[in-house]
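Each chain is listed here by its residues.
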Amino acid sequence: MKIKIENSYIPLHLVSHNDGLNFGRINHVENQFTDFILEISFQDFIKLIKEEYNTLKNEIKEDDELYNDSSSFKEIDYKELKEVLYPNSGLELIIKDYLDRIIYDKLFQYSGKKNYIINSTENIEIRNETIYILGKCFKNRCT
């Protein structure tokens, strides 16, 4: 797993994430934000998120059936994680809808004193047996 910020790979321990209600809201001057790309191999992704994926899938399936709802899990027929590890499988939307902040919690220790703070998830791409999570972060002024 690695993260690229400002065209350089940054050690994961220098990154945190915004775990507040304003996650995804750009409330600073636009040019203070920069893009990041988090790269996770399929193998690492499965180890990192399989348990949470299965738990969420089962909970969402129960809700979908109980309330006759539709979800991004329903769109993929509640498939197992290994069955959706390919481009345009629907996993991209599931990561953005449900898993991105869980992934950030697992990878980055929350702290206001890290060099970079992830603030949003913009897009998910799957290619070359790798999950790419693209988003916006800002350089911490408190470091």
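Computed from a predicted structure; not experimentally measured.

Participant: Please clarify how the confidence of the model for the protein chain should be interpreted in this entry.
Facilitator: In low-pLDDT regions, the fine details of the predicted coordinates are not to be read closely. Summing up the model confidence of the protein chain, the mean pLDDT is 91 and the portion of residues at 70 or higher is 90%. Element-level mean pLDDT values for the protein chain span from 93 in strand S3 (residues 15-17) up to 98 in strand S1 (residues 2-5).

Participant: How do you make sense of the side chain of Ser-72 when you look at a structure like this?
Facilitator: The topology assignment puts Ser-72 in helix H2 (residues 72-75). Among the residues examined, Ser-72 registers a relative accessible area of 6% and is labelled buried. Within polar-contact distance, the side chain of Ser-72 engages the side chain of Asp-97 at 3.2 Å. Discounting chain neighbours no more than four positions away, the residues touching Ser-72 are Leu-93, Ile-94, Asp-97 and Tyr-98.

Participant: How should unusual backbone geometry be read in this particular structure?
Facilitator: Leaving glycine aside, a negative phi is the common case for residues, and trans is the common case for peptide bonds. With a phi angle near 60°, Asp-77 is a residue other than glycine that sits in the positive phi range. Position of Asp-77 among the secondary structure elements: in the loop between H2 and helix H3 (91-107). Asp-77 gets classed as exposed once you look at its relative accessible area, which sits at 60%. In the Ramachandran plot, Tyr-78 falls in the positive-phi region, its phi being about 55° despite a non-glycine side chain. Structurally, Tyr-78 is set in the loop between H2 and H3.

Participant: Quick question: what am I supposed to make of the packing of aromatic side chains here?
Facilitator: For any pair of aromatic rings, the description consists of the separation of the ring centres together with the inter-plane angle of the planes. Scanning all chains against the criterion turns up five aromatic pairs. With a centroid separation of 5.6 Å and an interplanar angle of 80°, the aromatic rings of Phe-33 and Phe-138 are classed as edge-to-face. Pair noted here: Phe-33 is in strand S4 (residues 33-41) and Phe-138 is in strand S6 (residues 130-139), with a separation of 105 residues, a long-range link. Take Phe-138: its relative accessible area is 18%, and that puts it in the buried class. With 5.3 Å between their ring centres and 40° between their planes, Phe-73 and Tyr-98 make a pair best called tilted. Residue Phe-73 is located in helix H2, and its partner Tyr-98 is located in helix H3; the two are separated by 25 residues in the primary sequence.

Participant: Any chance you could explain the nonpolar core here in plain terms?
Facilitator: Core analysis: the largest hydrophobic core is formed by 36 residues, its most contacted members being Leu-38, Phe-45, Leu-91, Ile-103, Ile-131 and Ile-133. Per element, the largest residue contribution to this core is eight residues, and it comes from helix H1 (residues 42-67). If we ignore the near neighbours within four places in the chain, the residues touching Ile-103 are Leu-38, Ile-40, Phe-45, Leu-48, Ile-49, Ile-95 and Ile-133.

What counts, and at which threshold
- Residues numbered from 1 in each chain as written.
- Predicted model: local features only at pLDDT ≥ 70, side-chain atom pairs only at ≥ 80, totals over all residues.
- Heavy atoms only, no water.
- pLDDT = per-residue confidence, 0-100.
- Helix = DSSP H or I, 4+ residues; strand = E, 2+ residues; numbered from the N terminus.
- Buried < 20%, exposed > 50% of the residue type's maximum accessible area, 1.4 Å probe, protein only.
- Polar contact = N/O pair within 3.5 Å; in protein donor to acceptor, adjacent residues only side chain to side chain.
- Contact = heavy atoms within 4.5 Å.
- Phe/Tyr/Trp six-rings, centres within 6.5 Å; stacked < 30°, edge-to-face > 60°.
- Core = buried A, V, L, I, M, F, W, Y, C linked by side-chain atoms within 4.5 Å.

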